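Each chain is listed here by its residues.
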Amino acid sequence: MLRRITLVLALLVTIPALGSDIAILRNGFSIRHERREVLGSVTRLYLAAGNNGYVDVPTENIEHFEKDLPAPVAVGTPVNSQSMKEVINSISSRHHLDPDLINSVIHAESGFNPKAVSPRGARGLMQLMPQTASQMGVANSFDPQANVEGGTRYLRQLLERYNFDLIKALAAYNAGPQRVEQYHGVPPYYETQAYVARIVRDFNRKKLAEQKAAAQVRARNARSQPTLKQAALP
């Protein structure tokens, strides 16, 4: 009898979640929750503080849990926008990448703060992990030009690795190539899925704005051109 009571108590143990966590499900979905507890064969995910609002998920359907990490910690002030634009344009051209793409990556990674540091230890504008920075020959990840050079070169390598599949390259930049290969595409991590979507959305917005501006210029030029009949007048 004592053994059975002990087993029941073990099944009701609450697993603490410090701050918000994310449950990554095997079907690719994710659920953000404040805390969780195992109840027999299911895990109850509490969606808000207290006991109000929860969802029961079969424990076998949960692949793993992740911390809902905050944005990178800003340790300084954003770099001068004009000088940064010149740096990005120059480095992007050298690696044959669209500068708008690099801008979108930097915006998602650090918000253009050269001193940003993530909870995982990624540093600088393009949030280079120490190992990646070393592989790319970046001695100081807080140096804006060196950081963008290393991050852009790394992204170029990932694009070549995945036959210029931008989605896979961005997912690998965030979660690592091993995860992309493990899941044959974007891994089922909320952070990575949101990261890729944010960059693609921002990059597409820039391209649409460029197309609209170019169309407006063409329209103005067309209106300013004399007609054939006008050109024939003495």
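None of the values given here were measured: they were computed from a predicted structure. (Residues numbered from 1 in each chain as written. Predicted model: local features only at pLDDT ≥ 70, side-chain atom pairs only at ≥ 80, totals over all residues. Heavy atoms only, no water.)

## Some words on the overall build of the protein chain
(1) Moving on: Looking only at helices and strands, the protein chain features nine helices and seven strands.
(2) Moving on: Across the protein chain, every contact between residues at least 6 apart in sequence was considered, and the portion connecting residues at least 24 apart equals 44%.
(3) Moving on: Just so you have it, the protein chain exposes about 13,900 Å², and 56% of that area is on carbon and sulfur atoms. (Helix = DSSP H or I, 4+ residues; strand = E, 2+ residues; numbered from the N terminus. Contact = heavy atoms within 4.5 Å. Areas by Shrake-Rupley, 256 points an atom, 1.4 Å probe, with all protein chains shown as cover.)

## Thoughts on the nonpolar core
(1) Moving on: Ranked by size, the top nonpolar core spans 32 residues in total, and within it Ile102, Val105, Val148, Leu155, Tyr173 and Tyr195 carry the most contacts.
(2) Moving on: Taken together, the elements giving at least two residues each to this core come down to α2 (81-94), α3 (99-109), α5 (144-161), α6 (166-175) and α8 (190-224).
(3) Moving on: Among residues more than four places away in sequence, those in contact with leucine 155 are Leu101, Ile102, Val105, Ala169, Leu170 and Tyr173.
(4) Moving on: Residues Ala23, Ile31, Leu45 and Val57 belong to the second largest nonpolar core, which totals six residues. (Core = buried A, V, L, I, M, F, W, Y, C linked by side-chain atoms within 4.5 Å. Buried < 20%, exposed > 50% of the residue type's maximum accessible area, 1.4 Å probe, protein only.)

## Observations regarding the pattern of salt bridges
(1) Moving on: Per the counting criterion, the structure on display carries twelve salt bridges.
(2) Moving on: Aspartate 21 serves as the salt-bridge partner of arginine 36, at 2.8 Å between the closest nitrogen and oxygen. Within this pair, whereas arginine 36 is found in strand β4 (residues 35-39), its partner aspartate 21 is found in strand β2 (residues 21-25), the two being separated by 15 residues in sequence. Per residue, the accessibility class of arginine 36 equals that of aspartate 21, and both read buried.
(3) Moving on: Notably, a salt bridge pairs lysine 207 with aspartate 100, separated by 2.9 Å at the nearest N-O pair. With lysine 207 in helix α8 and aspartate 100 in helix α3, the pair connects residues that are 107 residues apart, well separated along the chain.
(4) Moving on: Aspartate 100 gets classed as buried once you look at its relative accessible area, which sits at 13%. (Salt bridge = Lys/Arg side-chain N within 4 Å of Asp/Glu carboxyl O.)

## What to know about the confidence of the model for the protein chain
(1) Moving on: Considering every residue of the protein chain, the mean pLDDT works out to 82; 79% of them sit at 70 or more.
(2) Moving on: Throughout residues 1-18 the model reports pLDDT below 50, and contacts reaching past four residues in sequence, or to other chains, amount to 19 contacts. (pLDDT = per-residue confidence, 0-100.)

## Concerning α3
(1) Moving on: Along α3, nine of the eleven residues are buried, which leaves the element largely enclosed by surrounding structure.
(2) Moving on: All of the buried residues along α3 are Asp100, Leu101, Ile102, Asn103, Ser104, Val105, Ile106, Ala108 and Glu109.
(3) Moving on: Buried residues in α3 make contact with α2, α5, α6 and α8.
(4) Moving on: Where α3 starts, the residue carrying a side-chain oxygen 2.8 Å from the main-chain nitrogen of aspartate 100 turns out to be aspartate 98.
(5) Moving on: Backbone geometry just after α3 places glycine 111 at a positive phi near 65°. (Polar contact = N/O pair within 3.5 Å; in protein donor to acceptor, adjacent residues only side chain to side chain.)

## Concerning the packing of aromatic side chains
(1) Moving on: For the structure on display, the rule yields three aromatic pairs.
(2) Moving on: Consider the rings of tyrosine 154 and tyrosine 173, whose centres lie 5.5 Å apart with planes at 45°: the pair is tilted. Placement of the pair is tyrosine 154 in helix α5 and tyrosine 173 in helix α6, with a sequence separation of 19 residues. In terms of burial, tyrosine 154 and tyrosine 173 fall into one category: buried.
(3) Moving on: Plain terms: the ring middles of tyrosine 183 and tyrosine 189 are 6.0 Å apart, the flat faces sit at 80° to each other, and that makes the pair edge-to-face.
(4) Moving on: Since its relative accessible area comes to 24%, tyrosine 183 is described here as partly exposed. (Phe/Tyr/Trp six-rings, centres within 6.5 Å; stacked < 30°, edge-to-face > 60°.)

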